[in-house]
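Examining the three-dimensional arrangement
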Amino acid sequence: MSKQVWTATGRRKRSVARVKMVGGTGKITVNGVDVNEYMPYATLVLDLKQPLVATDNENRFDIEVNVSGGGFSGQTGAIRLGITRALLKFDENTDQTREDSYRRILKAGGFITRDSRIKERKKYGLKKARRAPQFSKR
């Protein structure tokens, strides 16, 4: 019998994360490497584990992530959203009106909403999106 797998996609800035979640011991792998080796700062690891901590599932699932694009901060946000969506798929058959449903817990924590802020395009005649060239009186 094969293990049940919950998959989800998370996006943030230019990053896209494809998350596979299976029952296990709490091991998180990002692009084939342990999450603590892949992420340069421990705060980023804590940030992407927030949905698991909020739902008390740190040691219940093994998570395998393929992430591409952007920097470490955007990738962390994408992974966090992907984990949140996978947890929602795992918990979709339970009654959503209960206080201990994952949807209520994650919604209260603000994990379900996708952060849609992306970089604004550069405009002609300007140095960046809004930065004008320096004014010279003489």
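Now for unusual backbone geometry. The backbone of Asn31 sits at a positive phi, close to 50°, despite the residue not being glycine. When you line up the elements, Asn31 lands in the loop between strand S3 (28-30) and strand S4 (33-34). The exposure class of Asn31 is partly exposed, given its relative accessible area of 32%. Phi is positive for Asp56, which is not a glycine, with a value near 60°. When you line up the elements, Asp56 lands in the loop between helix H3 (50-54) and strand S5 (61-68). Of the residues examined, Asp56 reaches a relative accessible area of 62% and is grouped as exposed.

Looking now at the pattern of salt bridges. A complete count under the given rule lists seven salt bridges for this structure. For Asp47, the salt bridge identified is with Arg80, shortest N-O distance 3.0 Å. Of this pair, Asp47 sits in helix H2 (residues 42-48) while Arg80 sits in helix H4 (residues 72-90), and the two are 33 residues apart along the sequence. Assessed through its relative accessible area of 25%, Asp47 is described here as partly exposed. Owing to a relative accessible area of 22%, Arg80 belongs among the partly exposed residues under this scheme. A salt bridge links Asp115 to Arg117; its shortest N-O distance comes to 2.8 Å. Note on Arg117: relative accessible area 58%, which makes it exposed.

Thresholds, definitions, all that
Residues numbered from 1 in each chain as written. Predicted model: local features only at pLDDT ≥ 70, side-chain atom pairs only at ≥ 80, totals over all residues. Heavy atoms only, no water. Helix = DSSP H or I, 4+ residues; strand = E, 2+ residues; numbered from the N terminus. Buried < 20%, exposed > 50% of the residue type's maximum accessible area, 1.4 Å probe, protein only. Salt bridge = Lys/Arg side-chain N within 4 Å of Asp/Glu carboxyl O.

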